[in-house]
Amino acid sequence: MPNNNQAGKRENARVPRHIAIILDGNGRWARKRGLPRTAGHAVGAETFRKIATYCRDIGVEYLTVYAFSTENWKRPEGEVAAIMKLLGKYLQEAIDTMERDHIRMKVLGGLEELSPELRAMVRKTDEISQRYEGFQANICLNYGGRDEILRAARRYAADYAEGRADADLTEEGFSEYLYSAGIPDPDLLIRPGGEVRISNFLLWQCAYAEFYFTDVLWPDFGPEELDKAIAVFNSRDRRYGGVK
Ligand code: FPP
């Protein structure tokens, strides 16, 4: 619970419109406690729910999390199954509460490799999301930044070949072929878990994002950690290549 002082500080600060987070450190969090890695993912999923609620409450418009990459299929079968089960649970919960809370949710990634059950949940969350405006949570699932750009390029090429797109492709025009079409670029990218790399996440969209890295493991990442990241964001001078 933030104290009044923190709340006061936040009032004077800019809240990033779009925050992106690489969920990292679940496995190490569990190992430190002598628990199986999957227990870390379960707590990590709860952390996602808490942070998403907090983001909505402080006026963030978009939260995008990297939950499962195109490379994560290489993990042991049992771990992949546990993550997919958690995602199913949270998507179902979202379906049950989105209408009440007017929350939008979108899954970004290659859906064709997901189970039919998960795909059906994604269709449902898309359908509900279309009815509302306001806070939107994006979950990147079977997502890879290079894969996204490659798929977009292929779709553009196909549209061009069939006369549906012309040759003078712009950055804005190309963005419409990405999974993130219609979503503004992230202002702040957060990576908990101690690694200092982007790991194929939102490569196109993070061109001008501010990066924030912390050693805190994702299951321990609470609202106070998000406040710290936002405070650092506010101390940065965003020039977009220009001068001030
Ligand atoms: C990274 O920690 C975490 C993942 C690859 C999985 C994240 C997925 C969930 C928390 C499941 C549910 C998600 C949502 C959004 C409901 P790691 O396993 O790489 O940790 P380590 O680096 O400590 O091993």
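Summarised in this report is the structure supplied together with it. No experiment lies behind these values; they were computed from the predicted model shown.

Our next topic: the overall build of the chain. Counting secondary structure elements, the chain contains eight helices and six strands. When its helices and strands are written in sequence order, the chain yields α-β-α-α-β-α-β-α-β-α-α-β-β-α. Here the C-alpha radius of gyration of the chain, 18 Å, is about what a compact globule of 244 residues would show, namely 18 Å. Considered along the principal axes of its C-alpha atoms, the chain spans approximately 55 × 50 × 35 Å. The 244 residues of the chain split such that 46% are buried. A total of about 12,900 Å² of accessible surface is found on the chain, and carbon and sulfur atoms cover 51% of it. Charged side chains in the chain number 35 positive and 37 negative. The centres of these two groups are separated by 5 Å.

Counting 42 residues, the largest nonpolar core has Ile 19, Phe 48, Leu 63, Ile 190 and Leu 226 as the members making the most contacts within it. Excluding residues within four positions of it along the chain, Ile 190 makes contact with Ile 19, Ala 20, Ile 21, Ile 22, Tyr 212, Phe 221, Leu 226 and Ala 229.

Another aspect to go through is the pairing of strand E2 (residues 62–69). In terms of burial, E2 is a largely internal element, seven of the eight residues being buried. One ladder, built from five bridges, connects strand E1 (residues 18–22) with E2; its direction is parallel. Among the inter-strand pairings, Ile 19 is bridged to a residue of E2, identified as Leu 63. Where E2 and strand E4 (residues 136–143) come together, seven bridges link them in parallel fashion. Its bridge partner being in E4, Leu 63 is matched across the sheet by Ala 137.

So, about the site of the ligand. Neighbouring the ligand are 17 residues; Leu 23, Asp 24, Arg 28, Arg 37 and Arg 75 lie closest to it. One nitrogen or oxygen atom from the main chain of Gly 25 is found 3.3 Å from an oxygen atom belonging to the ligand. One nitrogen or oxygen atom from the side chain of Arg 37 is found 2.8 Å from an oxygen atom belonging to the ligand. Contact with the protein chains hides 93% of the accessible area of the ligand, taken as 630 Å² for the molecule alone. When contributions to the shell around the ligand are tallied by element, the ones reaching two or more residues are helix H2 (26–32), helix H3 (37–58) and helix H4 (77–101). Here the residues of the shell around the ligand sort into seven nonpolar, six polar and four charged.

Moving on to helix H6 (residues 145–161). In this model, H6 (17 residues) spans 24 Å end to end at C-alpha, consistent with the 24 Å of a helix rising 1.5 Å per residue. Here H6 has its buried residues at Gly 145, Glu 148, Ala 152, Tyr 156 and Asp 159. Considered in projection along H6, the buried side chains sweep an arc of 70 degrees and stay on one side of the axis. Facing away from the buried surface of H6 by more than 90 degrees, the exposed residues are Arg 146, Arg 154 and Ala 161. Contact partners of the buried residues in H6: E4 and helix H7 (171–175). Among the residues trailing H6, Gly 163 stands out with phi positive, at a value near 80 degrees.

What follows covers the environment of Lys 244. Of note, Lys 244 is situated in the segment after helix H8 (223–235). According to the relative accessible area criterion, Lys 244 is exposed, its value standing at 77%. It is 29 Å that separates the C-alpha atoms of Lys 244 and Thr 214, two residues lying 30 residues apart in sequence. Aside from chain neighbours lying at most four places away, what touches Lys 244 is Asp 237, Arg 238 and Arg 239.

Here the focus is the pattern of salt bridges. Applying the stated criterion across every chain, the model contains 19 salt bridges. Between Glu 99 and Arg 131 there is a salt bridge, with its nearest N and O atoms 2.8 Å apart. Residue Glu 99 is found in helix H4, and its partner Arg 131 is found in the loop between helix H5 (116–129) and E4; the two are separated by 32 residues along the sequence. Classification of Arg 131 by relative accessible area gives partly exposed; the value is 44%. Glu 210 is the salt-bridge partner of Arg 236, the closest N and O atoms lying 3.0 Å from each other.

Conventions we followed
- Residues numbered from 1 in each chain as written.
- Predicted model: local features only at pLDDT ≥ 70, side-chain atom pairs only at ≥ 80, totals over all residues.
- Heavy atoms only, no water.
- Helix = DSSP H or I, 4+ residues; strand = E, 2+ residues; numbered from the N terminus.
- Rg over C-alpha atoms; globule rule 2.2 N^0.38 Å.
- Buried < 20%, exposed > 50% of the residue type's maximum accessible area, 1.4 Å probe, protein only.
- Areas by Shrake-Rupley, 256 points an atom, 1.4 Å probe, with all protein chains shown as cover.
- Lys, Arg positive; Asp, Glu negative; His and termini not counted.
- Charge placed at Lys NZ, Arg CZ, Asp CG, Glu CD.
- Core = buried A, V, L, I, M, F, W, Y, C linked by side-chain atoms within 4.5 Å.
- Contact = heavy atoms within 4.5 Å.
- Pairing = 2+ DSSP bridges.
- Near = heavy atom within 4 Å.
- Polar contact = N/O pair within 3.5 Å; in protein donor to acceptor, adjacent residues only side chain to side chain.
- Nonpolar A, V, L, I, M, F, W, Y, C, P; charged D, E, K, R; others polar.
- Expected span 1.5 Å × (residues − 1).
- Arc of directions from axis to C-beta.
- Salt bridge = Lys/Arg side-chain N within 4 Å of Asp/Glu carboxyl O.

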